[in-house]
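Letter by letter, the chains look like this.
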Amino acid sequence: QVQLVESGGGLVQAGGSLRLSCAASGSIFMLTVMGWYRQAPGKQRELVADITRLGTTNYAEKGRFTISRDNAKNTVYLQMNSLKPEDTAVYYCHTRSVSGLYFWGQGTQVTVSS
């Protein structure tokens, strides 16, 4: 099995920054893409960014957020700058196996105050 443990969420003022971390354990040799989704109350879960083992990135919105990956540590990061109240959501780490299965972390709350 694959386990994903997120950290780094919290309360921040508008314009502030947070860095989310997600450490993977288990059958990590089977994993390809890793990334982040977010979900606000009453809204669908949406992609924030993801990154392959080779470093290819995909962003829903480039500029304020930066995704990175440390394969040696089996960890993916999301640096979030210039945060806005509309960024408030539960952020979920996710990963995909070579067979196409998705795994999800428990989620970490990010709250941006105005």
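Below or above, wherever it landed, is the structure these notes cover. (Residues numbered from 1 in each chain as written. Predicted model: local features only at pLDDT ≥ 70, side-chain atom pairs only at ≥ 80, totals over all residues. Heavy atoms only, no water.)

### Brief notes about the nonpolar core
Residues W36, I67, V76, L78, M80 and Y91 are the most contacted members of the largest nonpolar core, which totals 25 residues. Contributions of two or more residues to this core are made by strand 1 (2–7), strand 3 (18–26), strand 4 (31–39), strand 5 (46–51), strand 7 (65–70), strand 8 (75–80), strand 9 (89–97) and strand 11 (108–113). Element by element, the count of residues in this core is highest for strand 3, at four residues. Apart from residues no more than four positions distant in its own chain, M80 is found in contact with G16, S17, L18, L20, R64, F65, Y91 and V110. (Core = buried A, V, L, I, M, F, W, Y, C linked by side-chain atoms within 4.5 Å. Buried < 20%, exposed > 50% of the residue type's maximum accessible area, 1.4 Å probe, protein only. Helix = DSSP H or I, 4+ residues; strand = E, 2+ residues; numbered from the N terminus. Contact = heavy atoms within 4.5 Å.)

### As for unusual backbone geometry
Within the chain, N74 stands out as a residue other than glycine whose phi angle is a positive 55 degrees. Although it is not a glycine, S82 adopts a positive phi angle of roughly 50 degrees. Summarising the element assignment, S82 is placed in the loop between strand 8 and strand 9.

### Regarding the side chain of T75
Position of T75 relative to the elements: it lies in strand 8. Polar side-chain contacts of T75 include one of 2.9 Å to the backbone oxygen of K73. With residues up to four places along the chain from it excluded, the contact list for T75 reads C22, A23, S68, R69 and D70. (Polar contact = N/O pair within 3.5 Å; in protein donor to acceptor, adjacent residues only side chain to side chain.)

### Observations regarding empty space enclosed by the protein
A complete count under the given rule lists one cavity of 30 Å³ or more for this structure. Its volume calculated, the largest cavity comes out at about 40 Å³. What lines the largest cavity is simply I28, L31, M34, R53, R69, N71 and N74. Residue classes in the lining of the largest cavity are distributed as three nonpolar, two polar and two charged. (1 Å grid on protein atoms, 1.4 Å probe; cavity = no way out; pocket = protein on both sides within 12 Å on 5 of 7 lines; lining within 4 Å. Points joined across faces, edges and corners; volume = space filled by probe spheres on them. Nonpolar A, V, L, I, M, F, W, Y, C, P; charged D, E, K, R; others polar.)

### Considerations on the pattern of salt bridges
Once the charged atoms of two side chains with opposite charge are near each other, the side chains can pair. Evaluation of the coordinates by the stated rule reveals three salt bridges. Between E46 and R38 there is a salt bridge, with its nearest N and O atoms 2.8 Å apart. You can call E46 partly exposed: its relative accessible area is 34%. Each of R38, E46, R64 and D87 takes part in a single network of salt bridges with overlapping partners. (Salt bridge = Lys/Arg side-chain N within 4 Å of Asp/Glu carboxyl O.)

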